Amino acid sequence: MERVRSSPPELCKLGGGRLSAPRGEVASPALPGSWYSGADTKRVTINKVLSNDILVQQNQYVQRCIDWNRDVLKKELGLTEEDIVDLPALFKLDKQGKAVPYFPNMVTMIVLAMDLGIPKPFGPVVGGECCLERRTRSLLEPLGLRCRFLEDVASYHGRLGEVRCGTNVQRRPFAFKWWHVTP
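Basis of the calculations
- Residue numbers here run from 1 along each chain, matching the order of that chain's written sequence.
- This being a predicted model, a pLDDT of at least 70 is required before a residue's local features are given, and a value of 80 or more before pairs of side-chain atoms are given or counted; all residues contribute to the totals for chains, interfaces and linings.
- The basis for every side-chain value is the complete set of heavy atoms in the structure, and neither hydrogens nor water enter the calculation.
- Each helix corresponds to a stretch of at least 4 residues labelled H or I by DSSP, and each strand to a stretch of at least 2 residues labelled E; elements are numbered beginning at the N terminus.
- Accessible area is worked out with a 1.4 Å probe on protein chains only. A residue is then buried under 20% of its type maximum, exposed over 50%, and partly exposed in between.
- The contact criterion used is simple: two residues touch if any of their non-hydrogen atoms lie within 4.5 Å.
- Two strands are counted as paired when DSSP detects at least two bridges linking them.
- Each axis is a line fitted through C-alpha atoms, and for a helix only the stretch in contact is used; angles between axes span 0 to 180 degrees, taken between their N-to-C directions.
- Working definition: a ring pair exists when centres of Phe, Tyr or Trp rings (six-membered ring for Trp) sit within 6.5 Å. Plane angles under 30 degrees give stacked, over 60 give edge-to-face, the rest tilted.
- Our definition puts a charge over a ring when NZ of Lys or CZ of Arg is within 6 Å of the ring centre and also within 35 degrees of the ring normal.
- One less than the number of residues in a helix, times 1.5 Å, gives the span that helix is expected to have.
- Any N or O atom pair separated by 3.5 Å or less is treated as a polar contact, with the protein-specific requirement of one donor-capable and one acceptor-capable atom, and with residues adjacent in sequence counted only for side-chain atom pairs.

1. Brief notes about the overall build of the protein chain
Summing up its helical and strand segments, the protein chain has four helices and nine strands in all. For the protein chain, the sequential pattern of α-helices and β-strands runs α-β-β-α-α-β-β-β-β-β-β-α-β. Counting every position in the protein chain, which comprises 183 residues, the buried fraction comes to 37%. Here the contacts in the protein chain between residues at least 6 apart in sequence split such that 60% fall between residues at least 24 apart.

2. Thoughts on the sheet that holds strand β5 (residues 110–112)
Strand order in the open sheet formed by three strands is β5-β6-β9, with mixed pairing between adjacent strands. With partners counted over all chains shown, the strands left at the sheet margins are β5 and β9 (146–150), one partner each. Between one strand and the next, the sheet's axes are offset by a mean angle of 25°, whatever the strand orientation. Pairing geometry for β5 and strand β6 (residues 115–119), over three bridges, is antiparallel. Residue pairing across strands places L112 opposite D115, the latter belonging to β6.

3. Focus: the packing of aromatic side chains
Under the counting rule described, the total for this entry stands at zero aromatic pairs. Of note, K120 hangs over the ring of F122, and the distance from its end group to the ring centre comes to 5.7 Å.

4. A short note on helix α3 (residues 53–77)
With 25 residues, α3 should cover 36 Å at 1.5 Å per step; its first-to-last C-alpha distance of 36 Å lies within 8% of that length. L55, V56, Q58, N59, V62, Q63 and R70 are the residues of α3 that are buried. In this structure, the buried side of α3 is in contact with α2 (46–50), β3 (91–93) and β4 (99–101). Capping the start of α3, N52 holds a side-chain oxygen 3.1 Å from the backbone nitrogen of I54, two or three residues further along. Note on α3: the residue one or two positions beyond its end, G78, has a positive phi of about 70°.

Below, the structure is given as C-alpha cells:
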C-alpha cells in the first residue's frame, strides 16, 4: 500500500496503532494516535482503520483510480515517476461512490511560489509531532518548498472542501501561451 495506504502501516511500526481516544469524544487535535474521521469529530485509531475491511477495499479501489490517472499524466505530459510526489492520503466512498478524504486532504494545498498552504491533517502524533505532517515535510521541503499547515476542519473540510476553497489568489498570467509548451 505505497501511496494511499502507506501511512497507517508505517505508523503501526512506530507503535502508534494502539493509541486511541475515548470513543465519540471530541478531542484536541494533538491527541496521540488518532485522527479525525471525515467530517465528524470522532477519533479513530490506526488499528481500527486497518481492521476496517470496507475502508481498505475502498482505498484499494481509489488507488487503482489514482494509478490510472497517474499513468495518463505520465503518458500525456511525458512525466516520470521521479516527477511525482506521493503524499499521504486516505479516502472513503460516499453513498454515490465518490471518493472523499478521510482526513483533510493535503494534496489540495494552495501553492504561493515556494510557500505551500496545506490542510492540517490532524494525524496521529508520534514523537510529539503529527506523523502525516512530518512525512509531507520530508517529501516537499527538500525541494525548497516551505510547508505551512492550516486548520480547515471546522471551516471547510466538514463541508467537503479544503484550504483552496477559502482562498482567492491573484496571479500574473504567463507572457507566453503555456498550452503550446512541450514538456
